2 protein chains.
Amino acid sequence: MKLIECVPNFSEGRRQEVMDAIVNSMKESANVIILDVEADPSHNRMVVTMVGEPQQVLSAMKNGARKAVELIDLNQHQGEHPRIGAVDVVPFVPLFNATMQECNELALEFGQWMWDELKVPVYLYAESARMPERKRLPNIRKGEFEGLKEAIKEPERHPDIGEPVIHPTAGATAVGARNFLIAFNLYLNTADKGVADKIAKAVRESSGGLVNIQAKGMFIEEKGLAQVSMNLLDYTKTPLYRITELVKLEARRFGVEVVEGELIGLMPLGAALNSLSYYLQIPKLDANQILDVAVLSRLAESQDDEQQQ
Amino acid sequence: MKLIECVPNFSEGRRQEVMDAIVNSMKESANVIILDVEADPSHNRMVVTMVGEPQQVLSAMKNGARKAVELIDLNQHQGEHPRIGAVDVVPFVPLFNATMQECNELALEFGQWMWDELKVPVYLYAESARMPERKRLPNIRKGEFEGLKEAIKEPERHPDIGEPVIHPTAGATAVGARNFLIAFNLYLNTADKGVADKIAKAVRESSGGLVNIQAKGMFIEEKGLAQVSMNLLDYTKTPLYRITELVKLEARRFGVEVVEGELIGLMPLGAALNSLSYYLQIPKLDANQILDVAVLSRLAESQDDEQQQ
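Remember, predicted model here, so these are calculated numbers, not experimental data. (Residues numbered from 1 in each chain as written. Chains lettered and ligands numbered in written order. Predicted model: local features only at pLDDT ≥ 70, side-chain atom pairs only at ≥ 80, totals over all residues. Heavy atoms only, no water.)

Asker: Would you explain the overall build of chain A in this entry?
Answerer: Per the secondary structure count, chain A includes 9 helices and 11 strands. For 309 residues, the compact-globule estimate of 2.2 N^0.38 gives 19 Å, and the C-alpha radius of gyration of chain A, at 21 Å, lies within 12% of that figure. The principal-axis extent of the C-alpha atoms belonging to chain A is close to 60 × 50 × 35 Å. In chain A, which comprises 309 residues, the share counted as buried stands at 55%. When the 33 positive and 44 negative side-chain charges of chain A are each reduced to one mean point, those points stand 6 Å apart. (Helix = DSSP H or I, 4+ residues; strand = E, 2+ residues; numbered from the N terminus. Rg over C-alpha atoms; globule rule 2.2 N^0.38 Å. Buried < 20%, exposed > 50% of the residue type's maximum accessible area, 1.4 Å probe, protein only. Lys, Arg positive; Asp, Glu negative; His and termini not counted. Charge placed at Lys NZ, Arg CZ, Asp CG, Glu CD.)

Asker: How should I be thinking about the pairing of strand β7 (residues 173-177) of chain B in this particular structure?
Answerer: Residue and element names in this part refer to chain B. Of all 5 residues in β7, 5 are buried; the element is thus mostly enclosed. Every second residue of β7 is oriented toward a common face, with T173, V175 and A177 on one face and A174 and G176 on the other, all of them buried. The pairing of strand β5 (residues 87-96) with β7 spans 4 bridges and is parallel. Note that in β7 the partner of P91 across the bridge is G176. The pairing of strand β6 (residues 122-124) with β7 spans 3 bridges and is parallel. (Pairing = 2+ DSSP bridges.)

Asker: Explain the nonpolar core here, please?
Answerer: Grouped burial of nonpolar side chains is what soluble globular proteins tend to show. Among the nonpolar cores identified, the biggest contains 102 residues, and I182 and M267 of chain A together with I182 and M267 of chain B are the most heavily contacted of them. Setting aside residues no more than four positions away along its own chain, I182 of chain A makes contact with M230, N231, L232, Y235, L240, L263, M267, P268 and A271 of chain A. (Core = buried A, V, L, I, M, F, W, Y, C linked by side-chain atoms within 4.5 Å. Contact = heavy atoms within 4.5 Å.)

Asker: When you look at the relation of the copies chain B and chain A in this model, what are you seeing that I'm missing?
Answerer: Each of the two chain copies can be brought onto the other by rotation about an axis and movement along it. Each copy superposes on the other: chain B lies on chain A with an RMSD of 0.1 Å after a rotation of 179° and an axial shift of 0.0 Å. Such values leave the two copies arranged in the relation of a two-fold axis. Taking C-alpha positions as reference, the residue of chain B nearest the rotation axis is A300 of chain B, located at 2.4 Å. (Least-squares fit on C-alpha atoms with pLDDT ≥ 70 in both.)

Asker: I tried to follow the interface of chain B and chain A on my own but got confused; where do I start?
Answerer: Accessible area lost upon the coming together of the parts serves often as the stated size of an interface. Across the boundary between the two partners, chain B contributes 54 residues, which contact 54 residues of chain A. Counting each side, the surface lost to burial between chain B and chain A is near 4800 Å², with a carbon and sulfur contribution of 68%. At the level of elements, β1 (3-6), β3 (33-40), β5, β8 (182-188), α7 (240-252), β11 (258-264), α8 (269-279) and α9 (291-308) of chain B are the ones that each hand at least two residues to the side of chain B that touches chain A. No other element matches α9 of chain B, which puts 13 residues into the side of chain B that touches chain A. A class-by-class count of the residues in the side of chain B that touches chain A yields 35 nonpolar, 11 polar and 8 charged. (Buried area = accessible area lost by both parts, 1.4 Å probe. Nonpolar A, V, L, I, M, F, W, Y, C, P; charged D, E, K, R; others polar.)

Asker: It is not clear to me how the environment of L269 of chain A should be interpreted in this structure. Could you clarify?
Answerer: Topologically, L269 of chain A is positioned in helix α8 (residues 269-279). In the structure, L269 of chain A is positioned 174 residues away from L95 of chain A in sequence and 8.3 Å away in space, judged by C-alpha atoms. Discounting residues that sit within four places of it in the chain, L269 of chain A has contacts with A287 and V293 of chain A together with L269, I290 and D292 of chain B.

Asker: Mind showing me how you'd approach helix α2 (residues 54-71) of chain B here?
Answerer: Taking 1.5 Å per residue as the helical rise, α2 of chain B with its 18 residues ought to reach 26 Å, and the 26 Å between its terminal C-alpha atoms agrees with that figure. Those residues of α2 of chain B that are buried lie in contact with β1, β2 (9-10), α1 (16-27), β4 (45-52), β5 and α3 (100-118) of chain B. (Expected span 1.5 Å × (residues − 1).)

Asker: Would you take a moment to explain the pattern of salt bridges for this structure?
Answerer: When their charged atoms lie close together, side chains carrying opposite charge are able to pair. In total, this model carries 30 salt bridges over all chains according to the counting rule given. In this structure, K67 of chain A and E70 of chain A form a salt bridge, with 3.8 Å as the shortest nitrogen-oxygen distance. You can see K67 of chain A and its partner E70 of chain A sitting in helix α2 (residues 54-71), 3 residues apart, about one turn around the helix. E150 of chain B is the salt-bridge partner of K153 of chain B, the closest N and O atoms lying 3.2 Å from each other. Classification of E150 of chain B by relative accessible area gives exposed; the value is 54%. Bridged by salt links that share partners, the residues R45, D88 and R141 of chain A form one connected network. (Salt bridge = Lys/Arg side-chain N within 4 Å of Asp/Glu carboxyl O.)

Asker: What am I meant to see in the sheet that holds β8 of chain B here?
Answerer: Strand pairing in a sheet relies on backbone hydrogen bonds, with the paired strands running either antiparallel or parallel. All names here are of chain B. Taken in spatial order, the 4 strands line up as β9-β10-β8-β11 in an open sheet, and their pairing is antiparallel. Each having just a single partner strand, β9 (213-220) and β11 make up the two edges of the open sheet. Between one strand axis and the next, the sheet turns through 20° on average, direction left out of account. The sheet contact formed by β8 and β11 spans 6 bridges and is antiparallel. (Axes fitted to C-alpha atoms, helices over the stretch in contact; angles between N-to-C directions.)

Asker: Is there a simple way to explain the pairing of β3 of chain B in this structure?
Answerer: Every other side chain in a regular strand lies on the same face of the sheet, so the side chains alternate between the two faces. All names here are of chain B. As paired strands, β3 and β4 are joined by 7 bridges and run antiparallel to one another. Its bridge partner lying in β4, I34 is registered against M50. Where β3 hands over to β4, the hairpin turn is made up of 4 residues, of which N44 adopts a positive phi near 50°.

Asker: Please clarify how the UniProt feature "domain: Formiminotransferase N-terminal subdomain" (unreviewed entry) in chain A should be interpreted in this entry.
Answerer: With numbering aligned to this structure, UniProt lists the feature "domain: Formiminotransferase N-terminal subdomain" (unreviewed entry) at residues 2-179 of chain A. Note that residues 2-179 of chain A is 35% helix and 22% strand, and that its end C-alpha atoms are spaced 16 Å apart. (UniProt positions renumbered as here; feature names shortened; annotations may be inferred.)

Asker: How should I be thinking about the packing of α2 of chain A against helix α3 (residues 100-118) of chain A in this particular structure?
Answerer: Pairs of packed helices are described in terms of their axes, by the angle between the two and the distance that separates them. Residues and elements named next belong to chain A. The contact between α2 and α3 brings their axes to 11 Å, and the two run at 30°. The angle between α2 and α3 falls in the class roughly parallel. α3 is crossed by α2, and the crossing has right-handed handedness. Residues P54, Q55, L58, M61, K62, A65, R66 and V69 of α2 touch α3, and the partners they reach there are L106, E109, F110, W113, M114, E117 and L118. Its residues placed into classes, the contact of α2 with α3 shows 10 nonpolar, 1 polar and 4 charged. (Parallel < 35°, antiparallel > 145°, perpendicular 65-115°, else oblique. Left-handed = near helix turned anticlockwise from the far one by under 90°.)

Asker: Even after reading the chapter, I still don't get the UniProt feature "domain: Formiminotransferase C-terminal subdomain" (unreviewed entry) in chain A, so can you show me in this structure?
Answerer: As recorded in UniProt, the sites labelled "domain: Formiminotransferase C-terminal subdomain" (unreviewed entry) are residues 180-294 of chain A. Regarding residues 180-294 of chain A, the helix share stands at 34% and the strand share at 26%, and the terminal C-alpha atoms are separated by 21 Å.

Asker: In this structure, what is going on with the environment of R136 of chain A? I would like to understand it.
Answerer: All names here are of chain A. Residue position: R136 is located in the loop between β6 (122-124) and α4 (137-141). Given a relative accessible area of 55%, R136 falls into the exposed group. Between the C-alpha atoms of R136 and M114, which are 22 residues apart in sequence, the distance is 21 Å.

Asker: So what exactly am I meant to see when it comes to α8 of chain A here?
Answerer: Two residues of an α-helix separated by three or four positions point the same way, owing to the 3.6 residues in each turn. In terms of burial, α8 of chain A is a largely internal element, 8 of the 11 residues being buried. Positive backbone phi, at 60°, marks Q281 of chain A, one or two positions downstream of α8 of chain A.

Asker: Hey, could you run me through the packing of aromatic side chains in this one?
Answerer: Think of a pair of aromatic rings as described by two things: how far the centres are apart, and how the planes are tilted against each other in angle. Residue and element names in this part refer to chain A. The full count for this structure, using the stated rule, is 11 aromatic pairs over all chains. With a centroid separation of 6.3 Å and 80° between ring planes, the pair formed by Y241 and Y279 is classed as edge-to-face. Highlighted residues: Y241 in helix α7 (residues 240-252) and Y279 in helix α8, separated in sequence by 38 residues. Accessibility assignment for this pair places Y241 and Y279 in one class, buried. The ring of W115 carries the charged tip of K119 above its face, separated from the ring centre by 4.8 Å. (Phe/Tyr/Trp six-rings, centres within 6.5 Å; stacked < 30°, edge-to-face > 60°. Lys NZ or Arg CZ within 6 Å of the ring centre and 35° of its normal.)

Right, dumping it as structure tokens:
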């Protein structure tokens, strides 16, 4: 069994019937799990977290995109979050037995379909970006839907897939493969947020630390403790253990220690195993060596086979 | 989804048709996965590793036991491995979302069935033992099938379930809940087996180390390195990180270091997570926080539902 995650952002966070129609159309695809739906009225935006086998996810994503393009008119849309399209961003994330390469191929297939079927031009971002400046969404979103109507005609703003003309109501869409993002925090045995700030600055990419790490200092009222709050943008290259040990090392300069780690939400099995393999010095530790996973995976597959017979 | 493992030992390792008949009868139970079948002619014994939901495993185990009692006559059986019954030992092991308590209840249910249906008396061992001396199999197996015919009549050898008389051809059976056994080795940066021996002696239960740990020193020809070779008998109480860090600490006395860890076979997810939670200082880290597992588990369940409709 191969599993990927897809986290489409739709530009609708207020009209419940529109949101329901989009999510329901995605559920029509068998064996796709909708893990989470988050809608925010002030952002006027809905984020759906869906997991399944690549072709199932692709099929669900097409259903959702078709429905969103049908029901959302960006000329009538206002919200705090910047956006260029009714289907604003579609990231494909490798989860289990799937590679970035496969997610990239899926992103290209979906992007081509968006143009061929719906006449929505597509920008490839993140790991699928063809130009370095399109790796990050803010560059693609410059001017938003309203500004992009004209800007898309400029050669440097031409879409990667489709003609340089935006869809009259649905705008354009950013599509790409990216890694799973892990939110991880480390509490310090001090209430001094300044210390957490300094450690965060030392360990993050933007100011001389590890690549793929965003970090900031916080003071957490409930615990009365300062915290280094982090996002890991690519745990396959910059694993949990490395940032954890680096935070401990930097903390020594201030005579403070890490007292607790905190995982926000979920992490992929690969993130757990690549850190554990460091600490136990096992050169390679993968999902096939985890009994429950090997079994669950075979159970799910054998049930797939039965259904296909 | 709840998963347990069952590793029955049958007293037949030579007649292929008998072994096939037993394994095939177990496969009749839907949704049970036979992970491994190991037969040893000199031991004249077959070990089946099976995984599935508790009631499915119980059902497969009943099929296998019924077939083994029908086809194996211990009066005709010879082999190196000590045994008391055609169905010699039946351990139930909690894997995923299952507790030792549930496996214990399953062991009792199966044991009662062995007596009620097949008239095979049952000794409860491991975590299910009602007397401390029955925790370990060698105490239960004393005298083997041949000796037990008479010995079972002595009050201290009475079975825990059934009358004190062994089945004329199938003997008696040891049944119990136990934890998963993890085989884990640590290589040292020395070729001196004596150092590995001394470290093993320091860390194992039998000579002053950690409970639930068996350890011995080895010299591994292929690597030219000494190794501390270990069995973890209860990773829930004595986790991988604790024995790993203790080996490193004892190694310092000899000026040697651990250069590599080696996992033999599989380990349960819980074993990976309870060690990772130590290193990352996350107070509690469980299977629900591992994205792939949460998803696989829901996929398997939703397919279950579909099949039941």
